[in-house]
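# Examination of the molecular architecture
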Amino acid sequence: EDQVTQSPEALRLQEGESSSLNCSYTVSGLRGLFWYRQDPGKGPEFLFTLYSAGEEKEKERLKATLTKKESFLHITAPKPEDSATYLCAAQGPSGYALNFGKGTSLLVTP
Amino acid sequence: SQTIHQWPATLVQPVGSPLSLECTVEGTSNPNLYWYRQAAGRGLQLLFYSVGIGQISSEVPQNLSASRPQDRQFILSSKKLLLSDSGFYLCAWNHRVGTEAFFGQGTRLTVV
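The notes below deal with the structure included here.

Reading guide: rules and limits
- Residues numbered from 1 in each chain as written.
- Chains lettered and ligands numbered in written order.
- Predicted model: local features only at pLDDT ≥ 70, side-chain atom pairs only at ≥ 80, totals over all residues.
- Heavy atoms only, no water.
- Helix = DSSP H or I, 4+ residues; strand = E, 2+ residues; numbered from the N terminus.
- Rg over C-alpha atoms; globule rule 2.2 N^0.38 Å.
- Buried < 20%, exposed > 50% of the residue type's maximum accessible area, 1.4 Å probe, protein only.
- Contact = heavy atoms within 4.5 Å.
- Areas by Shrake-Rupley, 256 points an atom, 1.4 Å probe, with all protein chains shown as cover.
- Lys, Arg positive; Asp, Glu negative; His and termini not counted.
- Charge placed at Lys NZ, Arg CZ, Asp CG, Glu CD.
- Phe/Tyr/Trp six-rings, centres within 6.5 Å; stacked < 30°, edge-to-face > 60°.
- Disulfide = S-S within 2.5 Å.
- Buried area = accessible area lost by both parts, 1.4 Å probe.
- Salt bridge = Lys/Arg side-chain N within 4 Å of Asp/Glu carboxyl O.
- Polar contact = N/O pair within 3.5 Å; in protein donor to acceptor, adjacent residues only side chain to side chain.

## Here we look at the overall build of chain A
Looking only at helices and strands, chain A has 0 helices and 11 strands in total. The helix and strand sequence of chain A, counted from the amino end, reads β-β-β-β-β-β-β-β-β-β-β. Expected size for 110 residues packed as a compact globule is a radius of gyration near 13 Å; at 13 Å, chain A falls within 12% of this value. C-alpha extents for chain A along the principal axes are approximately 45 × 30 × 20 Å. Buried positions account for 46% of the 110 residues belonging to chain A. Pairs at least 24 residues apart make up 55% of the contacts formed inside chain A by residues separated by at least 6 positions. Taken as a whole, chain A presents about 5400 Å² of accessible surface, with 47% of it coming from carbon and sulfur. One finds the centroid of the 12 positive side-chain charges in chain A at a distance of 2 Å from the centroid of its 14 negative side-chain charges.

Listed below in structure tokens is the structure:
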């Protein structure tokens, strides 16, 4: 069964303190690995798509990387406005569903 | 640019009452459409998807149904709500399988 596990569940950082969020997946024949940001009470906002091991994508203070078993979301010098829940989702070849992890709740304090 | 609209934003309904949530997409044609549910402490779960008008696939057996009467309109319904139907319902779209999906702002449904 396809599974996506995110760690840690919650992370508290001080402004400027860089860190990484982990997304482990067991999806054979990965079609795509997706990262989203979700603010409280809002729908997920798309960040990145990764398709193959070794691929990297960057946007402002965020950088996503992909290996054959996991993906990392690196946050460099975070700011309080980066506080949100970050969701990872993997899609296999067998259907339309995105298999989502439970997310990492990030809090960045001034 | 494409936009997705979902309403209402919040809804409180009694057990046994009917439900209708609507989602529309603007700025694109023939999108894949999706209904997800996000329950507390759980990841988003796909409920239904549609690749065209009148074409509905269900991922999880449940008390809900979906319809796609027009190309860019997707409706989630129930004849009689259960307490367990409470949750955060999200509509999404993408151009094709394997590409990023874009989500609406969601509907918070509380069944009392």
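Let us keep going from here.
## As for the packing of aromatic side chains
All told, the structure shown has 12 aromatic pairs over all chains when counted by the stated rule. Ring geometry for A:Tyr36 against B:Phe103: centres 5.5 Å apart, planes inclined by 90°, an arrangement best described as edge-to-face. Residue A:Tyr36 is found in strand S4 (residues 32-38), and its partner B:Phe103 is found in strand S10 (residues 102-103); the two belong to separate chains. In this pair, the class of A:Tyr36 matches that of B:Phe103, namely buried. On the basis of an interplanar angle of 55° and a centroid distance of 5.6 Å, the ring pair of B:Tyr36 and B:Phe103 is categorised as tilted. Of this pair, B:Tyr36 sits in strand S4 (residues 32-38) while B:Phe103 sits in strand S10; the two residues are 67 residues apart in sequence, bridging distant segments of the chain. There is no split in this pair, since B:Tyr36 and B:Phe103 are both buried.

## Some thoughts on the state of the cysteines
Throughout the structure, instances matching the rule amount to 2 disulfides over all chains. Disulfide partner of A:Cys23: A:Cys88, at an S-S distance of 1.8 Å. Taking the sign of the torsion about the S-S bond as the criterion, the disulfide between A:Cys23 and A:Cys88, at about -55°, is left-handed. Taken as a pair, A:Cys23 in strand S3 (residues 19-26) and A:Cys88 in strand S9 (residues 84-91) lie far apart in primary sequence, 65 residues in all. With respect to burial, A:Cys23 and A:Cys88 carry one shared label: buried. Between the sulfur atoms of B:Cys23 and its disulfide mate B:Cys91 the distance is 2.0 Å. As the torsion about the S-S bond is roughly -75°, the B:Cys23-B:Cys91 disulfide counts as left-handed. A residue pair is termed long-range when its members are at least 10 positions apart, and B:Cys23 in strand S3 (residues 19-26) and B:Cys91 in strand S9 (residues 87-94) qualify at 68 residues.

## What about the interface of chain A and chain B?
With 20 residues of chain A in contact, the opposing surface of chain B contributes 23 residues. Both faces considered, chain A and chain B share a buried interface measuring about 1700 Å² in area, 61% of it formed by carbon and sulfur atoms. If you sort the residues of chain A by the area they bury against chain B, A:Pro44, A:Tyr96 and A:Phe100 come out on top, with a joint share of 35%. Applying the counting criterion to the chain A and chain B interface returns 0 salt bridges. Taken together, chain A and chain B are joined by 6 residue pairs in polar contact (both at pLDDT 80 or more).

So far we have only geometry, and geometry alone does not tell us how the molecule works.
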